[in-house]
Amino acid sequence: MDLTPTVLLDGLKFPEGPRWHEGRLWFSDMHAGRVMTVEETGRPRFICEVPNRPSGSGSRPMGGC
């Protein structure tokens, strides 16, 4: 098993609050004001825009931001 770290996604401003949920890594890009996910393949997905610097992460029972 190779445990060498690799970059999945670059070009972020200030990613933080990582959380593995529903088969994807969820995080907030705080200084960009958005919540995103990235798959193990490196495929990013924009979830929502959050004004005033989103911080941390969690999930709601019905989904959404």
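Residues numbered from 1 in each chain as written. Predicted model: local features only at pLDDT ≥ 70, side-chain atom pairs only at ≥ 80, totals over all residues. Heavy atoms only, no water.

Draft legend 1. View of unusual backbone geometry. Located in the positive-phi region is E22, a residue other than glycine, with phi close to 55°. The residue E22 is located in the loop between strand 1 (15-21) and strand 2 (24-29) in this model. Taking the relative accessible area as the measure of exposure, E22 reaches 59% and is therefore exposed. (Helix = DSSP H or I, 4+ residues; strand = E, 2+ residues; numbered from the N terminus. Buried < 20%, exposed > 50% of the residue type's maximum accessible area, 1.4 Å probe, protein only.)

Draft legend 2. Quick look at the pattern of salt bridges. Taken as a whole and assessed by the stated rule, the structure comprises three salt bridges. Across the pair D29 and R34 runs a salt bridge, and its minimum N-O distance is 3.1 Å. Relative accessible area serves as the criterion here: at 0%, D29 is assigned to the buried category. For R34, a relative accessible area of 24% corresponds to the partly exposed category. (Salt bridge = Lys/Arg side-chain N within 4 Å of Asp/Glu carboxyl O.)

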